[in-house]
Amino acid sequence: MLDIDWKSLPFGYFKTDYNVRCYYRNGKWGELEISSSEYINMHMAATCLHYGQEAFEGMKAYRGKDGKIRIFRWNENAKRMRRSAQGVMMAEVPDEIFREAIFKVIKLNEKFVPPYGLGAALYLRPLLIGSGPEVGVKPATEYMFMVFAGPVGPYFKEGFNPVEMQVISDYDRAAPNGTGHIKVGGNYAASLRPLHRGKQEGFASVIFRNSADRRYIDEAGPANFFAIRGDTYITPDSVSILPSITNMSLRQIAKDMGLKVELRQVAIDELGDFDEVGACGTAAVISPIKRIVDRDTGKVFEYCKDRIAGPYSTKLYVTLRAIQEGAEEDIHGWNTIVE
Ligand SMILES: *Cc1c(COP(=O)(O)O)cnc(C)c1O
């Protein structure tokens, strides 16, 4: 029997029994391999170590109300990882290998899938790296794809309780024609220092502006930003935003709920006009924001009356979670049951 306190799981690394790996050599992908080691053996001149040839994904498998395990829109993660691979010139992982890898890693670690109803899930981390040696700046000829998994609790310790964020302009996450739109480690490296400072200053995360003219909202740390104004769901459109699968799903649910949806540039100047704001992504699903402080001007924007999330954010969150856990009908066919 596993002795895990499912209710107080952090969002962090958790050792499980198995991971899976697949190698690209001589122009083709090999067979998927199962490993019980947490370590990889790698050439010291691997391009991922020197030139940032790496991309990752994050996804969750949920234990449903019916006891079945569901994985949410896995094919979108597979597609996005192929786009990330193209973006930094890596071998693309075929969807079939991606599918086999995630299903295998879930099955092998089935006992680590948390029970229904605690807000916990089995987090999957697919990772693609340039493993072949190069010293000149060029793409590797060998790649390694792996997927590991571990149970996680909610991303923010507050759970679905409103957090405070800080909007900043002295750090950029990604350049307009850079790599902001793909899920590569370099973007995260650029965000570590401002995120760390934001946390030290008391905020759950920071909101980055677009780096071209800093007039628009880009991302809320490692998550997309959205706002509700009247009966409209608004989310930034930008060349340097990572297209969030959670956000894409929330836009659909918003439409299903009868809300209008706007995908457009969102000016910092609009922050005072919104009724509700939040961040969204796989890790937190939705984290409502109660307060945004503009670090440059000291201006404060407040959203959640009585310190609770707004009605639309709550409904969007509850609906998406219910679909992911099989408690609400999956009308768009987003889940795949892991059998
Ligand atoms: C992964 C990620 C997101 C969220 O994407 P989901 O597909 O919803 O998990 C948002 N922003 C950034 C920068 C990300 O890396």
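Scroll up for the structure.
The model shown is predicted, which means the values in this text are computed figures rather than measured ones.

Draft legend 1. Spotlight on the pairing of strand E5 (residues 59-63). The buried count for E5 comes to 5 of 5 residues, which makes it a mostly enclosed element. Burial of E5 is two-sided: the residues Met59, Ala61 and Arg63 facing one way and the residues Lys60 and Tyr62 facing the other way are all buried. Counting the residues between successive antiparallel strands, the hairpin from E5 to strand E6 (residues 69-72) contains 5 residues, one of them, Gly67, with a positive phi of roughly 85°.

Draft legend 2. The arrangement of the pattern of salt bridges in detail. The final tally for this structure, using the stated rule, is 23 salt bridges. With a closest N to O distance of 2.7 Å, Asp17 and Lys111 form a salt bridge. On the criterion of sequence distance, the pair formed by Asp17 in the segment before strand E1 (19-25) and Lys111 in the loop between helix H3 (95-108) and strand E7 (121-130) is long-range, its members being 94 residues apart. Residue classification places Asp17 among the partly exposed residues on the basis of a relative accessible area of 28%. The residue Asp213 makes a salt bridge to Arg215 at a minimum N-O spacing of 3.8 Å. On the accessibility criterion, Asp213 (38% relative accessible area) is partly exposed. Salt bridges linked by common partners bring Asp170, Arg197, Glu201 and Arg295 together as one network.

Draft legend 3. Molecular detail of the environment of Ile34. Tracing the chain through its elements places Ile34 in strand E3 (residues 33-35). For Ile34, a relative accessible area of 47% puts it in the partly exposed group. Taking the C-alpha atoms as reference points, Ile34 and Cys22, 12 residues apart in sequence, are found 8.9 Å from one another. Aside from chain neighbours lying at most four places away, what touches Ile34 is Tyr18, Asn19, Val20, Lys104 and Leu108.

Draft legend 4. Region of the structure containing helix H2 (residues 74-87). With 14 residues, H2 extends 20 Å between its outermost C-alpha atoms, agreeing within 8% with the 20 Å of an ideal straight helix rising 1.5 Å per residue. Every buried residue of H2 is listed here: Trp74, Glu76, Asn77, Ala78, Arg80, Met81, Ser84 and Ala85. Downstream of H2 by one or two residues, Met89 has phi in the positive range, about 55°.

Draft legend 5. Looking closely at the site of the ligand. For the ligand, the set of nearby residues contains 14 residues, the closest of which are Lys183, Tyr188, Ser244, Thr246 and Thr282. Measuring from an oxygen atom of the ligand, one finds a side-chain N or O atom of Lys183 at 2.7 Å. Here the ligand loses 96% of its free accessible area of 380 Å² to cover by the protein chains. Partitioning the shell around the ligand into residue classes produces 5 nonpolar, 5 polar and 4 charged.

Cut-offs used in this document
Residues numbered from 1 in each chain as written. Predicted model: local features only at pLDDT ≥ 70, side-chain atom pairs only at ≥ 80, totals over all residues. Heavy atoms only, no water. Buried < 20%, exposed > 50% of the residue type's maximum accessible area, 1.4 Å probe, protein only. Helix = DSSP H or I, 4+ residues; strand = E, 2+ residues; numbered from the N terminus. Pairing = 2+ DSSP bridges. Salt bridge = Lys/Arg side-chain N within 4 Å of Asp/Glu carboxyl O. Contact = heavy atoms within 4.5 Å. Expected span 1.5 Å × (residues − 1). Near = heavy atom within 4 Å. Polar contact = N/O pair within 3.5 Å; in protein donor to acceptor, adjacent residues only side chain to side chain. Areas by Shrake-Rupley, 256 points an atom, 1.4 Å probe, with all protein chains shown as cover. Nonpolar A, V, L, I, M, F, W, Y, C, P; charged D, E, K, R; others polar.

This is a description of form; function is not addressed.
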